[in-house]
Amino acid sequence: MDSKSPDNKPSPKFTNIAAYRGAQFEISAAQLTQLPADQGIEVAFAGRSNAGKSSAINKITCQKSLARTSKTPGRTQLINFFKMDEHRRLVDLPGYGYAKVSEDIKRRWQQTMEQYLATRQSLKGLILLMDIRHPLKEIDQQLLSWSWSVGMPTHVLLTKADKLKTGQAKNTLLRVRKEISDNDAKGLTSVQLFSALKGTGLDETYAVLNAWFALEN
């Protein structure tokens, strides 16, 4: 799944860690008209506002503050693009389900995010983050159902795995995997444990991203 440059030549491959460490903030978009050109390969990160999305992006890119973290869930209200090279981007979608803002603003965020997910041709995969202590909330399940309906590959990170004992974390992983596999007829979704604090599951996450970005392992 090599991305294509404007002259239709495959993008060059390069080793994974350097690719992510080189990520730089590109642009924030409040509406679809502000998005960068729809070309190359993008992977989007979605999840509830308190699922640790920004911390995961920072851990993956080996940077402390590429994605802004906040003790106030719902702070991120824009679609944030981080450019890895001329052909690849990480995309931080607005957190959902927790933000203390008006219902009108929530609906506007939701509509913008849904339109991005439904229309963005360069979007090749979705990373869905769920707090391992509170997985598969209704809105998570809605997003999974959408991804299955449109054939979008999705990888679930059960974040904050360090908050549970090893046995509890593994049991939750097995339960979530079974519930998803029972409903994911096309096998589009994978699930893993993840901890930005401890680095748990980082190699597994890189393997998924590398496949979507057409990077060498």
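In short, a report on the structure.

What counts, and at which threshold
- Residues numbered from 1 in each chain as written.
- Predicted model: local features only at pLDDT ≥ 70, side-chain atom pairs only at ≥ 80, totals over all residues.
- Heavy atoms only, no water.
- Helix = DSSP H or I, 4+ residues; strand = E, 2+ residues; numbered from the N terminus.
- Buried < 20%, exposed > 50% of the residue type's maximum accessible area, 1.4 Å probe, protein only.
- Contact = heavy atoms within 4.5 Å.
- Areas by Shrake-Rupley, 256 points an atom, 1.4 Å probe, with all protein chains shown as cover.
- Pairing = 2+ DSSP bridges.
- Axes fitted to C-alpha atoms, helices over the stretch in contact; angles between N-to-C directions.
- Phe/Tyr/Trp six-rings, centres within 6.5 Å; stacked < 30°, edge-to-face > 60°.
- Right-handed = clockwise from strand over helix to strand, strands pointing away.

**Re the overall build of the chain**
The number of helices and strands found in the chain is 6 helices and 7 strands. The secondary structure elements of the chain, listed N-terminal to C-terminal, are α-β-β-α-β-β-α-β-α-β-α-β-α. Here the chain, with 217 residues, has 47% of them falling under the buried criterion. Contacts spanning at least 24 positions in sequence make up 75% of the contacts within the chain whose residues lie at least 6 apart. As presented, the chain carries roughly 11,100 Å² of accessible surface, and 48% of it is formed by carbon and sulfur atoms.

**Quick look at the sheet that holds strand S3 (residues 79–83)**
Pairing is mixed across the open sheet formed by 7 strands, whose spatial order is S1-S3-S4-S2-S5-S6-S7. At either end of the open sheet lies a strand with only one pairing partner, and these are strand S1 (24–29) and strand S7 (189–193). Taking the axes of each pair of neighbouring strands and ignoring which way they run, one obtains an average angle of 20 degrees across the sheet. Pairing of strand S6 (residues 154–159) with S7 involves 5 bridges; the strand directions are parallel. Paired with Leu157 across the strands is Gln192, a residue of S7. Each of strand S2 (41–47), strand S5 (123–131), S6 and S7 touches helix H4 (residues 138–150); the most contacted strand, S5, lies at about 160 degrees to it.

**Considerations on the packing of aromatic side chains**
In total, this model carries 4 aromatic pairs according to the counting rule given. Geometrically, the ring pair formed by Phe25 and Phe82 is edge-to-face, given 6.1 Å between the ring centres and 65 degrees between the ring planes. Here the residue Phe25 occupies a position in strand S1, and Phe82 occupies one in strand S3, the gap between them amounting to 57 residues. Phe25 gets classed as partly exposed once you look at its relative accessible area, which sits at 47%. Among the aromatic residues, ring-to-ring pairing joins Tyr20, Tyr206 and Phe213 into one connected group.

**Quick notes on helix H2 (residues 53–60)**
Summarising burial for H2: 6 of the 8 residues are buried, a large majority. By the burial criterion, the buried members of H2 are Lys53, Ser54, Ala56, Ile57, Asn58 and Ile60. Downstream of H2 by a residue or two, Cys62 has a phi angle that is positive, lying close to 60 degrees.

**Considerations on the pairing of S6**
Look at any regular strand and the pattern is simple: side chains alternate between the two faces of the sheet. Burial within S6 is extensive, with 6 of its 6 residues counted as buried. With burial as the criterion, each face of S6 is covered, one bearing Thr154, Val156 and Leu158 and the other bearing His155, Leu157 and Thr159. Handedness of the crossover joining S5 and S6 through H4 is recorded here as right-handed. What joins S6 to S7 is helix H5 (residues 166–183), and the crossover it makes is right-handed.

**Here's the deal with unusual backbone geometry**
If you check the backbone angles, Leu136 has positive phi at about 55 degrees while not being a glycine. Residue position: Leu136 is located in the loop between S5 and H4. On the basis of relative accessibility, which here comes to 10%, the residue Leu136 falls in the buried class. Even without being a glycine, Lys160 presents a positive backbone phi close to 60 degrees.

**Considering the environment of Ala169**
Counting through the fold element by element, Ala169 comes out in helix H5. Taking the relative accessible area as the measure of exposure, Ala169 reaches 4% and is therefore buried. Once the C-alpha coordinates of Ala169 and Arg133 are considered, the two residues, 36 residues apart in sequence, prove to be 8.8 Å apart. Ignoring anything within four residues of it in the chain, the contact list for Ala169 reads Ile132, Ala161, Leu164 and Leu193.

**Side note on the pairing of S5**
Buried residues dominate S5, accounting for 8 of its 9 residues. In this structure, S2 lies alongside S5, joined through 6 bridges in parallel fashion. Across the sheet, Gly47 pairs through a bridge with Leu129, a residue of S5. Two strands pair when backbone bridges link them, and S5 and S6 are joined in this way by 6 bridges, in the parallel orientation. Of the residues in S6, the one forming a bridge with Met130 is Leu158.

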